[in-house]
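# Summary of structural features
Below are the chains, spelled out letter by letter.
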Amino acid sequence: MRDKSELRTVTATERVEEHIRQAIYKGALKPRERIIEEDVAKQLECSRGPVREAFLRLERDGLIVTVARRGTFIRDISASSIEVIFSMRSKLEALCVRYLREHMTGETEQLLRDALKKMKAAAVKNDDEAFLDADMHFHQTIWKLSNRVTLENTLSKIMNPFIFMLARAYSSQTPIAVRYKKHARYLETILTEPVSKVEHSVEHYFRELAIELLSKLPPQF
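Computed from a predicted model, the values in this text were never measured in an experiment.

## Let's talk about the packing of helix α3 (residues 37-44) against helix α4 (residues 48-60)
- Direction vectors running N to C along α3 and α4 enclose 120°, while the axes themselves pass 9 Å from each other. When the axes of α3 and α4 are compared, the pair comes out oblique. Here the hand of the crossing between α3 and α4 comes out right-handed. Contact residues: E37, E38, V40 and A41 in α3; R48, V51, R52 and F55 in α4.
- Residues that form the contact of α3 with α4 fall into these classes: four nonpolar, no polar and four charged.

## Structural notes on the pairing of strand β3 (residues 71-74)
- Summarising the sheet, strand β1 (residues 34-35) and β3 pair through two bridges and their orientation is antiparallel. Its bridge partner being in β3, R34 is matched across the sheet by F73.
- Relative to β3, strand β2 (residues 64-67) runs antiparallel, the two sharing four bridges. Bridged to T66 within β3 is T72.
- Between β2 and β3, which follow one another and run antiparallel, lie three residues, and R69 among them has a positive phi close to 65°.

## Focus on the packing of aromatic side chains
- Applying the stated rule across the entire model yields four aromatic pairs.
- Taking the centre distance of 6.3 Å and the plane angle of 65° together, the rings of F138 and Y186 count as edge-to-face. Residue F138 is found in helix α7 (residues 128-145), and its partner Y186 is found in helix α9 (residues 176-192); the two are separated by 48 residues along the sequence. Accessibility classification places F138 together with Y186 in one group, the buried group.
- Note on Y186 and F206: the rings are 5.9 Å apart at their centroids and 80° apart in plane angle, and the pair reads as edge-to-face. Of this pair, Y186 sits in helix α9 while F206 sits in helix α10 (residues 195-214); the two residues are 20 residues apart in sequence, bridging distant segments of the chain.
- Classification of F206 as buried rests on a relative accessible area of 1%.
- Grouping aromatic residues by their ring pairs yields a cluster made of F138, Y186, Y205 and F206.
- Stacked on the ring of Y99, the Lys or Arg R98 has its end atom at 4.9 Å from the ring centre.
- The ring of Y99 has R148 lying over it, and the distance from NZ or CZ to the ring centre is 3.9 Å.

Rules used in this analysis
- Residues numbered from 1 in each chain as written.
- Predicted model: local features only at pLDDT ≥ 70, side-chain atom pairs only at ≥ 80, totals over all residues.
- Heavy atoms only, no water.
- Axes fitted to C-alpha atoms, helices over the stretch in contact; angles between N-to-C directions.
- Helix = DSSP H or I, 4+ residues; strand = E, 2+ residues; numbered from the N terminus.
- Parallel < 35°, antiparallel > 145°, perpendicular 65-115°, else oblique.
- Left-handed = near helix turned anticlockwise from the far one by under 90°.
- Contact = heavy atoms within 4.5 Å.
- Nonpolar A, V, L, I, M, F, W, Y, C, P; charged D, E, K, R; others polar.
- Pairing = 2+ DSSP bridges.
- Phe/Tyr/Trp six-rings, centres within 6.5 Å; stacked < 30°, edge-to-face > 60°.
- Buried < 20%, exposed > 50% of the residue type's maximum accessible area, 1.4 Å probe, protein only.
- Lys NZ or Arg CZ within 6 Å of the ring centre and 35° of its normal.

Here is the structure:
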């Protein structure tokens, strides 16, 4: 007998919402870009009702913003929003790491090292798109290995789109080999730092990243 969740069909609203999220992840929709309800409906061959409902969900999650008499736009990346995003992510991922370390096994370590190997392979090929995917897989592996569903879901569903936007907008400004080395050092911190200190060390890692990113913002920010 098939599980009920396997029989559930995806609603039109969910299809539109996922389409827009994926467009943000892949860089097809960029910060400040306008999205038009009618255009999305035509593209996905659905009525405007599901699109309108999807817009409301995405606005609730902070991914888009509606400006009176101007329209709906992908949310901008401002200096203040970067500080908030990194502050939240640092604390949430630090919690994931602490829980991960409290129940550390050889299998856990191997999964993390395997995720880092994917980043190395992309770095060797100088493939920025593959590196970005491997980067996100690496952090998603950390979230999953925390075995805390609430933490994983919050990072995956709420934080991930913003992380992708920031990565696409600014990561390419840093050589791929440098990005890989930073992640390699980060993994060693995760694996070797005393459990009592690891949470603080992870937060420090993200604070340093935020400072670096803020230094790359163009003058208008």
